[in-house]
Amino acid sequence: MSVADWGEGMGDGRSTVGLWRSVRPVAATATFPEDAASGRPARAGQSELELGCSWKPDRLAGSTADLPVGRLCPCDEQRDLCDINCCCDRDCSEEVALFTGCSIHSVSGNKQLCSWDAAHYSLDNTTQGLSELHSSVQKEMNSDVFCIQSQNRVDGLSYASPPLPTASNVGSLFNQFSNFIFGSGKNGGESSTAAPKPSSGYLYGDVMVTVGENGERGVLWLPVPGVTAYCLDTNPAAFLKNQISQCSRRLVLDRDCSTLPALSMVTYTDIHLLSAVAVEVTSVVQQSLDGTQTEVKLSGGENLNPVLLSPSLCANVVLQVGYVVKYNPAGEITNVTASLVLGSVRGDALPLEQEFHITYVQEGSEEVAVQYSGNPGYVVGLPLVSGRRTAEFIFTGIARSIDPRETLTILQSGEDQDCLHGPHRRSPILFGLDSVSGCTLRLEDAANCSLVSQVLLDVLRGPNYPQYVAAFGSSTPQNPLDWVPMKNSSKPREAQSCSIPLSLHLEIEWTRYGTLVNPQAQIVSVKEVIHTNTSNLASLSGGSSILTVSNSVTFIPVYGAALPGFRATPTLDAKLPFDFFFPFV
């Protein structure tokens, strides 16, 4: 930024640039104008920008943060009287010639801002031996990377403490602060006062604007959980920010099935962006009550609106929504596709769980965006990176999915989750976080041992069970040496021909790799431990008809205490010249 651009209309074009700040003098000699409030004439030694005007709070109607620094004078303690050596005191026009120095040399604005105005005062001696006041206003810059670009709050740079939530005001507080975090909720998410984006395209983090049938402007919303796990629909989708969210909804089926917009696929597909791009539906999958998924062939005549089949069953309810947004290098959106999963909801399975995600792909890009879990080492809380080695990649590397959800997963604990009767909710295994979950097995369902054994093992492992886990969070599939194979260890409790898995446990050993200052987490071993039993299941259940099957994961650190390493102390190999003691020897 040019220094000369800061002080337009403030003085001459001279500028001074320092190492930490850039300043621009405004005036060289202090001459004050007439005081409009008191009617006093202008006096010599006062600035045209009122740099020497005394700061008297009783004369000011507003906050001092709104005043220019030229009006502030902290050393002016006596009204209508001159404070000795107070160079900014306007009452010292006659006494300034006798000043021996300035008690305050500068008055500046808030130094938390990226730039602020500062008033500087100094004295110079004339040929007669008297003092002459010089004052100037300079624009100073903050050298800190973290600074406030602009201050638009009347209350200043601090927020008042919110009231404590009670039973009577918790509802109003939730509406107040959730709307502040996730956007304006006054219009219920139907429209927005967002200004239209220019034709130059979107920038990172911009809110994508939509256009309705009547030309009203809106925002592309992506529901997320609010303070609680329940869905908050007023969360704007930000450009180039991939998001994945899961939230719940409370429903009354006979009332909300066909009337609540959040359950209908039209709400998520009948969308037109400002750039005249309509959302294109590429895939619709129907999910049955037992978890079976079937793709619907779209021909244009299907009625996929939610319908109430019985007082306790609602069909064609949106369970999952996925957006893929394509954009060009100029930041213009060229295509938006949506894939949905519809299903039926029973009254005894409420609240309804929905999942939403949005992904951005650059048009014409040959490389597909891949999500990593660290660089290079794993970060605690991010999912493990896993893959498989297929015939196609037997000599080239590891095949892994670009979908972050298709990784090593574990059963998600839920109420009355049956091992053989779905749906089975799963969650990715997060690095560094131990987990324990499971499901229930009815003994009458375990009569066919061989069939139940394989089905139960597939449920514990999950779909697309990987064979390899990345040693680092940023391991590339092209380098197979950076991938750790999964070892299997089966421990039958009784040696029988047929075994039913009672637990599946993953032991993941990891260490710290690199320097002491910045060690990186590295996985060195992944072991799958399966405990089985084939007989006397009734005794294990304690007389009950239900047996608990567990699924767990444990992260085991195998690194020792880090010790600094030093090189050996060099030895001195000094040799004296042969004639050093000449002529004594």
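Parameters at a glance
- Residues numbered from 1 in each chain as written.
- Predicted model: local features only at pLDDT ≥ 70, side-chain atom pairs only at ≥ 80, totals over all residues.
- Heavy atoms only, no water.
- Helix = DSSP H or I, 4+ residues; strand = E, 2+ residues; numbered from the N terminus.
- Buried < 20%, exposed > 50% of the residue type's maximum accessible area, 1.4 Å probe, protein only.
- Contact = heavy atoms within 4.5 Å.
- Areas by Shrake-Rupley, 256 points an atom, 1.4 Å probe, with all protein chains shown as cover.
- Salt bridge = Lys/Arg side-chain N within 4 Å of Asp/Glu carboxyl O.
- Disulfide = S-S within 2.5 Å.
- Pairing = 2+ DSSP bridges.
- Axes fitted to C-alpha atoms, helices over the stretch in contact; angles between N-to-C directions.
- Polar contact = N/O pair within 3.5 Å; in protein donor to acceptor, adjacent residues only side chain to side chain.
- Patch = residues over 30% accessible without salt bridge, like charges linked within 9 Å, V, L, I, M, F, W, Y side chains within 5 Å.
- Core = buried A, V, L, I, M, F, W, Y, C linked by side-chain atoms within 4.5 Å.
- pLDDT = per-residue confidence, 0-100.

Asker: For this particular structure, what's the right way to read the overall build of the protein chain?
Answerer: Of regular secondary structure, the protein chain possesses 5 helices and 25 strands. Each of the 585 residues in the protein chain was classed as buried or not, and the buried ones make up 37%. A separation of at least 24 residues holds for 60% of the contacts in the protein chain among residues at least 6 apart in sequence. Surface accessibility of the protein chain: about 34,300 Å² in total, with carbon and sulfur atoms responsible for 54%.

Asker: Got a minute to help me understand the pattern of salt bridges in this structure?
Answerer: A side chain of one charge can pair with a side chain of the opposite charge when the charged atoms of the two come close. By the definition in use, this model includes 6 salt bridges. Between aspartate 233 and arginine 249 there is a salt bridge; the shortest N-O distance is 2.6 Å. Taken together, the positions of aspartate 233 in the loop between β9 (231–232) and β10 (243–249) and arginine 249 in strand β10 put the pair 16 residues apart, joining distant regions of the chain. A salt bridge links arginine 346 to aspartate 348; the nearest nitrogen and oxygen atoms lie 3.1 Å apart. With a relative accessible area of 36%, arginine 346 lands in the partly exposed category.

Asker: Honestly, the environment of leucine 516 in this entry has me stumped. Any pointers?
Answerer: On the secondary structure map, leucine 516 appears in the loop between β23 (500–514) and β24 (519–533). Residue class for leucine 516 comes out exposed when judged on its relative accessible area of 52%. Considered as a pair, leucine 516 and leucine 563 are 47 residues apart in the sequence and their alpha carbons are 8.1 Å apart.

Asker: Would you explain the state of the cysteines in this entry?
Answerer: By definition, a disulfide links the sulfur atoms of two cysteines through a covalent bond. Enumeration over the complete set of coordinates arrives at 8 disulfides. Here cysteine 73 is linked by a disulfide to cysteine 88, with a sulfur-sulfur distance of 2.0 Å. A torsion of 80° about the S-S bond marks the disulfide between cysteine 73 and cysteine 88 as right-handed. Of the two residues, cysteine 73 is situated in the loop between β2 (22–23) and β3 (106–108) and cysteine 88 in the loop between β2 and β3; the sequence distance between them amounts to 15 residues. Accessibility assignment for this pair places cysteine 73 and cysteine 88 in one class, buried.

Asker: Would you explain the sheet that holds strand β4 (residues 115–125) in this entry?
Answerer: Pairing between the strands of a sheet is mediated by backbone hydrogen bonds and can be parallel or antiparallel. Read across the open sheet, the 3 strands follow the order β3-β4-β5; overall the sheet is antiparallel. Of all strands in the sheet, those bounded by a partner on one side alone are β3 and β5 (131–141). Strand-to-strand twist in this sheet, taken as the mean axis angle between neighbours without regard to direction, amounts to 15°. Where β4 and β5 come together, 11 bridges link them in antiparallel fashion. Within β5, the position partnered with leucine 123 by the bridge is leucine 133.

Asker: Honestly, the environment of glutamate 216 in this entry has me stumped. Any pointers?
Answerer: Its place among the elements puts glutamate 216 in the loop between β6 (209–211) and β7 (217–219). Given the relative accessible area of 38%, glutamate 216 is considered partly exposed. Contact partners of glutamate 216, with chain neighbours within four places excluded, come to Thr210 and Val211. In terms of polar contacts, glutamate 216 uses its side chain to reach the backbone amide nitrogen of asparagine 214, at 3.3 Å.

Asker: How do you make sense of the pairing of strand β16 (residues 352–362) when you look at a structure like this?
Answerer: On any regular strand, side chains alternate: one points to one face of the sheet, the next to the other face. Where β10 and β16 come together, 7 bridges link them in antiparallel fashion. Pairing of cysteine 247 across the sheet is with glutamine 354, part of β16. By the bridge criterion, 8 bridges tie strand β14 (residues 313–327) to β16 in an arrangement that is parallel. Following the sheet pairing, valine 325 is matched in β16 by tyrosine 360.

Asker: In this structure, what is going on with the side chain of glutamine 522? I would like to understand it.
Answerer: Mapping glutamine 522 onto the fold places it in strand β24. The contacts of glutamine 522, once residues within four sequence positions are left out, are Ala471, Phe472, Glu509, Trp510, Thr511 and Tyr513.

Asker: Looking at this structure, how should I read a nonpolar patch on the surface?
Answerer: A cluster of nonpolar side chains, contributed by Leu576, Phe580, Phe581 and Phe584, occupies part of the molecular surface with about 520 Å² of accessible area. Note on placement: leucine 576 falls in the segment after β25 (546–557). Taking relative accessible area as the criterion, leucine 576 reaches 57% and is therefore assigned exposed.

Asker: Mind showing me how you'd approach the environment of valine 553 here?
Answerer: One can find valine 553 in strand β25. Taking the C-alpha atoms as reference, valine 553 lies 9.7 Å from leucine 430; in sequence the two are 123 residues apart. Residue contacts for valine 553: discarding those within four places in its chain leaves Ile410, Ile429, Leu433, Asp434, Ser435, His505, Leu506 and Ile508.

Asker: Before we go on, may I ask you to explain the side chain of threonine 210 in this structure?
Answerer: Inspection of the secondary structure puts threonine 210 in strand β6. For threonine 210, a relative accessible area of 11% corresponds to the buried category. A polar contact of 3.4 Å, which involves the side chain of threonine 210, links it to the backbone nitrogen of valine 219. Beyond its immediate chain neighbours, meaning those up to four positions away, threonine 210 contacts Glu216, Arg217, Gly218, Val219, Leu220, Ile271, His272, Leu273 and Leu274.

Asker: I tried to follow the nonpolar core on my own but got confused; where do I start?
Answerer: Within soluble globular proteins, side chains that are nonpolar generally end up buried alongside one another. Ranked by internal contacts, the top residues of the largest apolar core, which has 36 residues, are Tyr378, Leu384 and Ile523. Secondary-structure elements contributing two or more residues to this core are β18 (409–411), β20 (435–442), α4 (449–461), β21 (468–470), β22 (483–492), β23, β24 and β25. Element by element, the count of residues in this core is highest for α4, at 6 residues. Leaving out residues up to four positions away in the same chain, leucine 384 has contacts with Tyr378, Thr407, Leu408, Ile429, Phe431, Ile508, Ile523 and Phe555.

Asker: Whenever I open this one, unusual backbone geometry confuses me. Can you help?
Answerer: Phi is mostly negative for residues that are not glycine, and the peptide bonds are mostly trans. The step from leucine 350 to proline 351 runs through a cis peptide bond, and the omega angle for that step is 5°. Within the element layout of this structure, proline 351 appears in the loop between β15 (333–346) and β16. For the bond from asparagine 375 to proline 376, the omega torsion is -5°, close enough to zero to count as cis. Assignment of secondary structure puts proline 376 in the loop between β16 and β17 (386–387).

Asker: Just checking my understanding: could you explain the confidence of the model for the protein chain for this structure?
Answerer: Reading predicted coordinates in detail is not appropriate for stretches of low pLDDT. Here the protein chain shows a mean pLDDT of 76. Residues at 70 or above account for 75%. The spread of mean pLDDT over the elements of the protein chain runs between strand β1 (residues 16–17), the lowest at 31, and β21, the highest at 92. This model gives residues 1–65 a pLDDT under 50, and the stretch forms 141 contacts once residues within four places in sequence are excluded.

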